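Report on the structure
The primary structure of each chain is shown beneath.
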Amino acid sequence: MSKVITEEEIRKDVEEKNVRFLRLAFTDINGTLKNLEVPVSQLDDVLGNQTRFDGSSIDGFVRLEESDMVLYPDLATWLVLPWTTVEEGTIGRLVCSVHNVDGTPFEGDPRNNLKKVIAEMEEMGFSDFEIGFEAEFFLFKEGKNGEETTKVSDHSSYFDMASEDEGAKCRREIVETLEKLGFRVEAAHHEVGDGQQEIDFRFDNALATADKLQTFKMVVKTIARKYHLHASFMAKPVEGLAGNGMHTNMSLLKDGKNAFYDKDGQYHLSTTALTFLNGILEHARAITCVANPTVNSYKRLIPGFEAPVYISWASRNRSPMVRIPNANEVGTRLEMRSTDPTANPYLLLSACLKAGLTGIKEGKLPMAPVTSNLFEMTDDERKELGIKPLPSTLHNAIKAFKEDEVVKSAFSEHIIDSFLELKETEWALYTQSVSEWEVKRYFNY
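Residues numbered from 1 in each chain as written. Predicted model: local features only at pLDDT ≥ 70, side-chain atom pairs only at ≥ 80, totals over all residues. Heavy atoms only, no water.

As recorded by an unreviewed UniProt entry, the protein chain carries the name Glutamine synthetase and is attributed to Lactobacillus leichmannii. Looking at the Catalytic activity (unreviewed entry) heading of the UniProt record, one finds this comment for the protein chain: "L-glutamate + NH4(+) + ATP = L-glutamine + ADP + phosphate + H(+)". Recorded in UniProt for the protein chain, the comment headed Subcellular location (unreviewed entry) runs: "Cytoplasm". (UniProt positions renumbered as here; feature names shortened; annotations may be inferred.)

Here is the structure:
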């Protein structure tokens, strides 16, 4: 589904749209979008995979003595940023994979890692891992001096039509900008929380969708600033409000058809879908470390809000971790509801795909679907059904990750070591911090 773009088309775009600079984007291990900007005079070097940079200061990359890295652009990701003008000179953007100076793919690059797991999928006879993300975000007002605040842009709720507030205007311009960039936006609406928004774009193969998510975040933050708003994808930015989720819709293609669909199966799910689902459920606790990678992520995964807390699945019931939406053959999919948008999309999809493929290989069917509200069950009732909880803290998720050989096998040793070092440092810093809540509660002891 991703459009094929040639060097000739890029050169024509550069000429006709007066491209003055080239932004070469890549993603670090935390999921943060990085970029190197070069003048258009370097176009030949860019297209010839000759652009070098120092990777020693990028989280999870290399040591100082191994700092030289090379950017290999993916031509299919070419776009001209629409907030730049032809008259003043525009900026072109290419998403890149990171390589070593000898031309080999750098094993610490999350994008390269996802490509490797996709290759394993193709060896099993599947052609595509189709992904649709539903990433929520908050719009907060800027302070008098342009500083970030947690003052929400509105006090509307789910699907409210607040047509003239700044948040709604901003959301509409985000949609228009995404469409200029070739996104097929399927829906845009106000979410449950005050100032919370959701914009959904059409599914695509895993690599293209991960790239698009990074572009989506860039667009959202850029357009928000035009309205003196700050966009945040933080999992739980405001106590008492709903958190930001990123429902992750997954399906596999084989021979041009949806391998998850069976017209005679329960919920129209094939055996392939059910065994893939079992792989996700069996390795859910370890996947959570990647799907919910911050200390703050676990402030969202609590009872009382819509985010799931228990490892289970269902059709219409929205309390389990995985839901099966009612859909036609093309749209039949698994919707993992626990993920939040702080996840690195390349690492997230690597973990999910590896777990699902392992499930297919093992051929085991999942537990029975849950028909009752999990939050209203007692601990004993859930235990009787074999339903386990998701990790309650980043610390517990790290432990689950370390113990899960299947999920770890989705990643290079370089990524495992770098990811665990960063996450364990994050947890240690958190445990040493003193919060305002603690001061208020304990100061007069």
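We are not done yet, so read on.
**Points about the environment of Gly182**
With respect to the secondary-structure elements, Gly182 resides in the loop between α4 (166–180) and β9 (185–190). Taking the relative accessible area as the measure of exposure, Gly182 reaches 53% and is therefore exposed. When the C-alpha atoms of Gly182 and Leu79 are compared, they prove to be 8.7 Å apart, with 103 residues separating the residues in sequence. (Helix = DSSP H or I, 4+ residues; strand = E, 2+ residues; numbered from the N terminus. Buried < 20%, exposed > 50% of the residue type's maximum accessible area, 1.4 Å probe, protein only.)

**Some words on a nonpolar patch on the surface**
Taken together, Val434, Val439 and Phe443 make up a surface patch of nonpolar side chains, about 330 Å² in accessible area. By the secondary structure assignment, Val439 is in helix α14 (residues 436–442). (Patch = residues over 30% accessible without salt bridge, like charges linked within 9 Å, V, L, I, M, F, W, Y side chains within 5 Å. Areas by Shrake-Rupley, 256 points an atom, 1.4 Å probe, with all protein chains shown as cover. Salt bridge = Lys/Arg side-chain N within 4 Å of Asp/Glu carboxyl O.)

**Topic: the packing of aromatic side chains**
Overall, the coordinates contain 16 aromatic pairs when judged by the stated rule. Residues Phe26 and Phe53 carry aromatic rings whose centres are separated by 4.9 Å and whose planes lie at 40° to one another, so their mutual orientation is tilted. Of this pair, Phe26 sits in strand β1 (residues 19–27) while Phe53 is found in strand β3 (residues 51–54), placing the two residues 27 residues apart along the sequence. This pair shows no difference in class: Phe26 is buried, exactly as Phe53 is. For the ring pair Phe129 and Phe276, a centre distance of 6.0 Å and an interplane angle of 45° mean the geometry is tilted. Placement of the pair is Phe129 in strand β7 (residues 128–142) and Phe276 in helix α6 (residues 271–282), with a sequence separation of 147 residues. The rings of Phe137, Phe183, Phe201, Phe216 and Phe233 are connected pair by pair, giving a single aromatic cluster. Over the ring of Phe233 we find Lys217, and its NZ or CZ is 5.5 Å from the ring centre. Stacked on the ring of Phe126, the Lys or Arg Lys254 has its end atom at 5.3 Å from the ring centre. (Phe/Tyr/Trp six-rings, centres within 6.5 Å; stacked < 30°, edge-to-face > 60°. Lys NZ or Arg CZ within 6 Å of the ring centre and 35° of its normal.)

**Some thoughts on the pattern of salt bridges**
Within the structure shown, the criterion is met by 19 salt bridges. With a closest N to O distance of 3.9 Å, Glu7 and Arg11 form a salt bridge. One end of the pair is Glu7 and the other is Arg11, both in helix α1 (residues 7–16) and four residues apart, which spans about a single turn. For Arg11, a relative accessible area of 35% corresponds to the partly exposed category. A salt bridge links Asp264 to Lys263; the nearest nitrogen and oxygen atoms lie 3.4 Å apart. Assigned by exposure class, Asp264 and Lys263 land together as exposed. Put simply, Glu7, Arg11 and Asp44 are held in one network by salt bridges that share partners.

**A closer look at the packing of α4 against helix α5 (residues 206–226)**
Packing of α4 against α5 leaves a shortest axis separation of 9 Å and a crossing angle of 135°. As summarised for this structure, α4 and α5 are arranged oblique, according to the angle between their axes. Considering only the axes of α4 and α5, their crossing is right-handed. Residue-level inspection shows Cys170, Glu173, Ile174, Thr177 and Leu178 of α4 in contact with α5, the latter providing Phe216, Val219, Val220, Ile223, Ala224 and Lys226. (Axes fitted to C-alpha atoms, helices over the stretch in contact; angles between N-to-C directions. Parallel < 35°, antiparallel > 145°, perpendicular 65-115°, else oblique. Left-handed = near helix turned anticlockwise from the far one by under 90°. Contact = heavy atoms within 4.5 Å.)

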